[in-house]
Amino acid sequence: MTQPERPLATDLRLAADRDLKGLILKHYLGAYRAKRPFSRRPVAWVTSGAPVEILLALGILPIYPENYGALVGSRKAAVPYCESAEQAGYSQDLCSYARTNIGSMLTGRGELAGRPLPRPDLLVAAKNICDVVVKWWEVTARHFDCPLFILDTPFAADGLTPDQVAYVRGQLEELVVVASKAVRRPAPPPAAFERDLLKVLDLTRQATGLWQEIQTLRQASPTPASALDMFTNLFPIVTLRGTQACVDYYRQVRDELAERVRRGVGAVPGERFRLLWDNIAIWYDFDLVRYLHARGAAFVGETYTDAWGIYQFSPEDEKDPLGAMARQYSLILLNIGLGTRKERLFNMLRAQRADGAVFHSCRSCKTYSLGQYELARAVRDELGLPVLVLEADMTDSRAYAAGPAMTRIDAFLELLTSKA
Amino acid sequence: MLERLVAAGADPLAHRPSDRPSLGYVCSYVPEEVILAAGFHPVRLGARPGPTGPADSLLQTFACSFARALLDGLLSGRAAGLSGVVFAYTCDSLRAAMEAWKVRAPAGSFIHFLNLPARLEGPGVDTYAASEVQRLADALAGVKGGRQVTAERLAEATRLVADLRRSLGRLDRVRSSRPDLLPGSVFIAVARGAQALERSEAARLLAALADEFEAAAARPSQPAGRPRLLVSGGYLETEQPLRLIEESGADIVADDLCLGWRRIAFAEDDEPNSLAELAARYLRRVPCAAKHPPDPRFDFVVRLADEHQVAGGVFLLQKFCDPHAFDYPALRDRLEATGRPTLLLEVEQGSVASGQARTRLEAFVERLRAGGGSS
Ligand code: SF4
Ligand code: SF4
């Protein structure tokens, strides 16, 4: 990847970021500690759409290879891992999170003080985000000879039928049994388990509530947080959802952003344009976003970060928490039809008062990216907003040419200026 | 007979019967029995090879070329004479092609997504699959020209399809014992025709063809000494990749392809009595890479290699196909552990880029001839 010279804005970092580093460190150290001899805390590798509350309620520590992929990507370190996976026969066309992880697994090297992720006691993958994770987790299960549970979610294009909800709910019940067995514990008595689950769900609800408040605060002009803040601050809602630490952290972020709004402080000095980002971040090129910031373009929303606000379990759900989870986990952004996705996107553009949208067409991620051309067309033709489609990848920088991207960004900025 | 089947496979839409409505379907997991029982002629929609046109404005180039070409065909009006299209849940690419077609299809088009489970095992899988197949049957009954799927109609349809599969099974045995008479590429072309032609005609032709080939195979022959190969992959838009292998001096005697054995071989040979039984039967058939768990498929491929005494395997990997690409290294290792060398070829837009592939294939065949198990 050749990096063209480009004037960049310096980030106005959130004070909360300092605590974030500590949270990330603590999380991964906790996972390594769990693997020490005599530790009794089992570790599960889970996908970002896995019903993690069940594992937490069972005392299992979840870790996220996708998040690890993002971490490696943001250190611009993914390519050698991807290459190791490719040498073993995994096609370069496969998702780069998967290749990064498989490469790290096969070589026994990693980016956490040189270590790969700690060995799993259990693997849980949910198909709700893509078919990739099912296959990737199968590879992992073979590698570690580790029990694997697949949560099979029907595609919820136009909502869910009762049979579909029942199918997913049944699997959640099955997961309780399978997970307990995998970590060599007796399955908990149903009443006790439900009590623990409800506690975790309540913590998830609190965190997603705060997360949504944060997104709402970004409606202000100037916006108190742009894409970089949000991409960085995604870690707890993905990885620590269902814990008190997550709630505490977002309370802090929410307060800080509310304070910025009160004082009229924007994340991007001289905010002129308000943009929306679609798809995963380009982890190895945050400078692209800084370049936009330097020109007064701020991100007021991302479909990617917004997606984590969906897990809103209500007190109503207490009657049937597993049923509620079956619905929530089937209706996530990557498992709904294009029509619903468009509706959500339009609502978001309106609510955040966006002037345009940037679509990262991410080669790795078919579920997120296929359909974007139609979404971009709709935003342009039906809402009359400028759109920019960037062909790239979230971690594998070999699939990305920064030069041509810059040219397209400049043209997009001109269009925004002419419309302003 | 052979010509008619092959021609139908090459151009399914031109070979529709005129006395009843036709319905397109995508994926061998769509139970054609249900479409037949609902009064339609089922046409397995393929994809024309070659560069795509209108689909490029809807799907990025990293969707598999089969999904793109399929969408392209639909957008170019190829579904115009059909009563609708049934898709099945396999992979992200096909799901996206279906979603894109929903956006652009003419108003009122019938589009059904058969939301089959990805898991083949588990407490609720059978019940759930049955409910989805029932939903398909109900939906078809509501389409113009459709009718209720009654027990008798279903029985008749399952008999017909089972019959057809049995004849294909007989032909498969001929392909294995006498690939000089029935090359693998021709076998697949015939199998392709069998999901395009009106099914009772197809069943009749296949039975007669099987008789003929079996009689011919019974006559003594000289062994040709060509290495026996197994091919593994997904859907093939054309037989070009298979012909290329044969031209390189090997025989294709067994397959793990959507069009071939995976569709033909069902675990039990009985005829299901209800939609629920039918659904269960599809779950127990030879699985594809998009289904979980993967081990039954790996075991199946190794067993197939043993049964047909193949010397090696060729993987025909559709470019950008995630399910197959993820399975490839493990399946390669499983096959190679039995002393069988393998070769990987990438298929795009229906064919294998022949220049380099030919050289690699010839070297591969040479190695097999030399008895080269060790690499
Ligand atoms: S394909 Fe997309 S959703 Fe799936 S693991 Fe990769 S990046 Fe995540
Ligand atoms: S070839 Fe692979 S990616 Fe393409 S439709 Fe089939 S399973 Fe999906």
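Residues numbered from 1 in each chain as written. Chains lettered and ligands numbered in written order. Predicted model: local features only at pLDDT ≥ 70, side-chain atom pairs only at ≥ 80, totals over all residues. Heavy atoms only, no water.

**Considering the overall build of chain B**
Using the following cut-off: Helical segments are the DSSP runs of H or I of at least four residues, strand segments are the runs of E of at least two, and each set is numbered from the N terminus. In this treatment the radius of gyration is a C-alpha quantity, and the globule benchmark scales as 2.2 Å times the residue count to the 0.38 power. Here's how the labels work: a residue is buried when its accessible area is under 20% of the maximum for its type, exposed when over 50%, partly exposed in between, all with a 1.4 Å probe on protein chains only. Surface exposure here means Shrake-Rupley accessible area, sampled with a 1.4 Å probe, where a residue is shielded only by the protein chains that are shown. Only four residue types enter the tally: Lys and Arg on the positive side, Asp and Glu on the negative side; His and the chain ends are excluded. The atoms used to mark charge sites are NZ of Lys, CZ of Arg, CG of Asp and CD of Glu.
Along the backbone of chain B there are 14 helices and nine strands. Relative to the 2.2 N^0.38 estimate, which gives 21 Å for 375 residues, the radius of gyration of chain B is 20 Å and therefore close to what a compact globule would have. Burial status across chain B gives 63% buried among its 375 residues. Counting every atom, chain B has about 13200 Å² of accessible surface; 51% of that belongs to carbon and sulfur. Counting 45 positive and 47 negative side-chain charges, chain B places the centres of these two groups 2 Å from one another.

**Concerning the site of ligand 2**
Defined as follows: Proximity criterion: a residue is near a molecule or strand once any of its heavy atoms comes within 4 Å of it. Following the grouping adopted for this structure description, the nonpolar residues are Ala, Val, Leu, Ile, Met, Phe, Trp, Tyr, Cys and Pro, the charged ones are Asp, Glu, Lys and Arg, and the polar ones are all others, Gly among them.
Around ligand 2 sit Cys64, Phe66, Cys91, Leu94, Gln318 and Cys321 of chain B, and those are all the residues in its vicinity. Residues that form the shell around ligand 2 fall into these classes: five nonpolar, one polar and no charged.

**Concerning the site of ligand 1**
Neighbouring ligand 1 are 13 residues; Cys95, Cys130, Ile280, Cys365 and Met394 of chain A lie closest to it. Looking at side-chain class alone, the shell around ligand 1 contains eleven nonpolar, one polar and one charged residues.

**Here we look at helix H7 (residues 162-182) of chain A**
Put simply, the rule is: Between the first and last residue of a helix there are one fewer steps than residues, each counted as 1.5 Å, and that sum is the expected span. When checking whether two residues touch, look at their non-hydrogen atoms; a contact exists if any pair is within 4.5 Å.
The end-to-end C-alpha distance of H7 of chain A, which contains 21 residues, comes to 30 Å, matching closely the 30 Å that a straight helix rising 1.5 Å per residue would cover. For H7 of chain A, the full list of buried residues reads Gln164, Val165, Tyr167, Val168, Gln171, Leu172, Glu174, Leu175, Val176, Ala179, Ser180 and Ala182 of chain A. Buried residues belonging to H7 of chain A abut helix H2 (52-57), strand E3 (122-126), strand E4 (148-151), helix H8 (190-217) and helix H14 (321-330) of chain A together with helix H5 (125-141) of chain B. Following H7 of chain A by one or two positions, arginine 184 of chain A has its phi on the positive side, about 55°.

**Comments concerning the sheet that holds strand E6 (residues 297-302) of chain A**
Residues and elements named next belong to chain A. Note the following rule: At least two DSSP bridges between two strands are needed for those strands to be called paired. All axes are obtained by fitting lines to C-alpha atoms, using only the stretch in contact for helices, and the reported angles, taken between N-to-C directions, cover 0 to 180 degrees.
The strand order across the open sheet built from four strands is E6-E5-E7-E8, with neighbouring strands paired in parallel fashion. Taken across any chain shown, the strands that pair with only one partner, and hence form the sheet edges, are E6 and strand E8 (387-392). For this sheet the average axis-to-axis angle between neighbouring strands, irrespective of direction, equals 30°. For strand E5 (residues 273-278) and strand E7 (residues 356-362), the ladder comprises four bridges, and the chain directions are parallel.

**Points about the pairing of E4 of chain A**
All names here are of chain A. Rules: Here the term right-handed applies to a crossover when the path leading from its first strand over the helix to its second strand runs clockwise, the strands being oriented away from the viewer.
Pairing of E3 with E4 involves four bridges; the strand directions are parallel. For alanine 126, the partnering residue across the bridge sits in E4 and is leucine 151. In this fold, the crossover linking E3 to E4 by way of helix H6 (residues 132-144) has right-handed handedness.

**Side note on the pattern of salt bridges**
Stated formally: Every case where a carboxyl oxygen of Asp or Glu lies within 4 Å of a side-chain nitrogen of Lys or Arg is listed as a salt bridge.
Summed over all chains, the structure comprises 61 salt bridges over all chains. For arginine 75 of chain A, the salt bridge goes to glutamate 111 of chain A, with nearest N and O atoms at 3.9 Å. Placement of the pair is arginine 75 of chain A in the loop between helix H3 (65-74) and helix H4 (78-87) and glutamate 111 of chain A in the loop between helix H5 (96-107) and E3, with a sequence separation of 36 residues. With relative accessibility at 47%, the residue arginine 75 of chain A sits in the partly exposed group. The partner of arginine 377 of chain A in a salt bridge is aspartate 381 of chain A, with the nearest N and O atoms 3.5 Å apart. Placement of both arginine 377 of chain A and aspartate 381 of chain A in helix H17 (residues 372-383) is noted, with a separation of four residues, approximately one turn of the helix. By relative accessible area, which is 22% here, arginine 377 of chain A ends up partly exposed. In this structure, a network of salt bridges that share partners links the residues Lys342, Glu374, Arg377, Arg380, Asp381 and Glu382 of chain A together with Arg104 of chain B.

**Describing the confidence of the model for chain B**
Heads up, the rule is: Scored from 0 to 100, pLDDT reflects the predictor's confidence in each residue.
On average, residues of chain B carry a pLDDT of 94, and 98% of them reach 70 or more. This complex was scored by the predictor with a pTM of 0.96 and an ipTM of 0.96.

**Observations concerning the interface of chain A and chain B**
Selection criterion: Values labelled buried area give the accessible surface lost by two parts on being combined, using a 1.4 Å probe and summing over both. For this analysis, a polar contact is any N or O atom pair within 3.5 Å, provided that within protein one partner can donate a hydrogen and the other can accept it, and provided that sequence-adjacent residues contribute only side-chain to side-chain pairs.
Contacts between the two partners involve 51 residues from chain A and, on the opposite side, 50 residues from chain B. Roughly 4000 Å² of surface becomes buried between chain A and chain B when both sides are summed, with 58% attributable to carbon and sulfur atoms. Our enumeration of links across chain A and chain B arrives at six salt bridges. Here aspartate 93 of chain A makes a salt bridge to lysine 319 of chain B, at a shortest N to O gap of 2.8 Å. At the junction of chain A with chain B, the criterion picks out 22 residue pairs in polar contact (both at pLDDT 80 or more). At the level of elements, H5, H6, E4, H7, helix H15 (338-351), E7, helix H16 (366-369) and H17 of chain A are the ones that each hand at least two residues to the side of chain A that touches chain B. Top element by residues in the side of chain A that touches chain B is H6 of chain A. It accounts for seven residues.

**Side note on the environment of valine 253 of chain B**
Residue and element names in this part refer to chain B. Residue position: valine 253 is located in strand E6 (residues 251-256). On the accessibility criterion, valine 253 (0% relative accessible area) is buried. For the pair valine 253 and proline 227, spaced 26 residues apart in sequence, the C-alpha separation works out to 9.6 Å. Filtering out sequence-adjacent residues up to four positions away, valine 253 remains in contact with Asp172, Arg175, Ser176, Pro179, Arg228, Leu229, His308 and Val310.

**Description of the packing of H8 of chain A against helix H11 (residues 244-263) of chain A**
Residue and element names in this part refer to chain A. Condition: If an angle is under 35 degrees, it is roughly parallel; if it is over 145, roughly antiparallel; if it lies from 65 to 115, roughly perpendicular; otherwise it is oblique. By convention the crossing between two helices is left-handed if the near helix lies anticlockwise of the far one by an angle smaller than a right angle, and right-handed if it lies clockwise.
At a minimum axis distance of 9 Å, the contact between H8 and H11 shows a crossing angle of 20°. On the basis of their axis angle, the class for H8 and H11 is roughly parallel. The two elements H8 and H11 meet at a crossing, and its hand is left-handed. Touching Leu203, Gln206, Ala207, Leu210, Trp211, Glu213, Ile214 and Leu217 of H8 are Gln244, Cys246, Val247, Tyr250, Arg251, Val253, Arg254, Leu257, Ala258 and Val261, all from H11. In terms of residue class, the contact of H8 with H11 is built from 13 nonpolar, two polar and three charged.

**Overview of unusual backbone geometry**
A cis amide bond links serine 221 of chain A with the next residue in sequence, proline 222 of chain A, at an omega value of -5°. Note that the residue after histidine 292 of chain B, namely proline 293 of chain B, is joined by a cis bond; omega there is 0°. Within the element layout of this structure, proline 293 of chain B appears in the loop between helix H11 (275-284) and helix H12 (295-307). Despite not being glycine, lysine 76 of chain A shows a phi value in the positive range, around 55°. Residue position: lysine 76 of chain A is located in the loop between H3 and H4. Residue class for lysine 76 of chain A comes out exposed when judged on its relative accessible area of 56%. Within the chain, glutamine 309 of chain B stands out as a residue other than glycine whose phi angle is a positive 50°. Within the secondary structure, glutamine 309 of chain B sits in the loop between H12 and strand E7 (312-318).

**Describing the environment of aspartate 211 of chain B**
Residue and element names in this part refer to chain B. By the element assignment, aspartate 211 lies in helix H8 (residues 199-218). Relative accessible area serves as the criterion here: at 45%, aspartate 211 is assigned to the partly exposed category. Placed 92 residues apart in sequence, aspartate 211 and arginine 303 show a C-alpha to C-alpha distance of 27 Å.

**Quick word on the packing of aromatic side chains**
Each aromatic ring pair is specified by the distance between its two centres and by the angle formed by the two planes. Condition: Classification of ring pairs rests on two measures: the distance between centres of Phe, Tyr or Trp rings, Trp counted by its six-membered ring, which must be within 6.5 Å, and the angle between planes, read as stacked under 30 degrees, edge-to-face over 60 and tilted in between.
Evaluated as defined, the whole model comprises 21 aromatic pairs over all chains. Here the aromatic rings of phenylalanine 155 of chain A and tyrosine 89 of chain B are separated by 6.2 Å at their centres, their planes lie at 55°, and the arrangement is tilted. With phenylalanine 155 of chain A in the loop between E4 and H7 and tyrosine 89 of chain B in the loop between strand E3 (85-88) and helix H4 (92-104), this pair bridges two chains. Each of the two residues, phenylalanine 155 of chain A as well as tyrosine 89 of chain B, counts as buried. Arranged with centres 5.4 Å apart and planes meeting at 80°, the rings of phenylalanine 155 of chain A and phenylalanine 113 of chain B form a pair that is edge-to-face.

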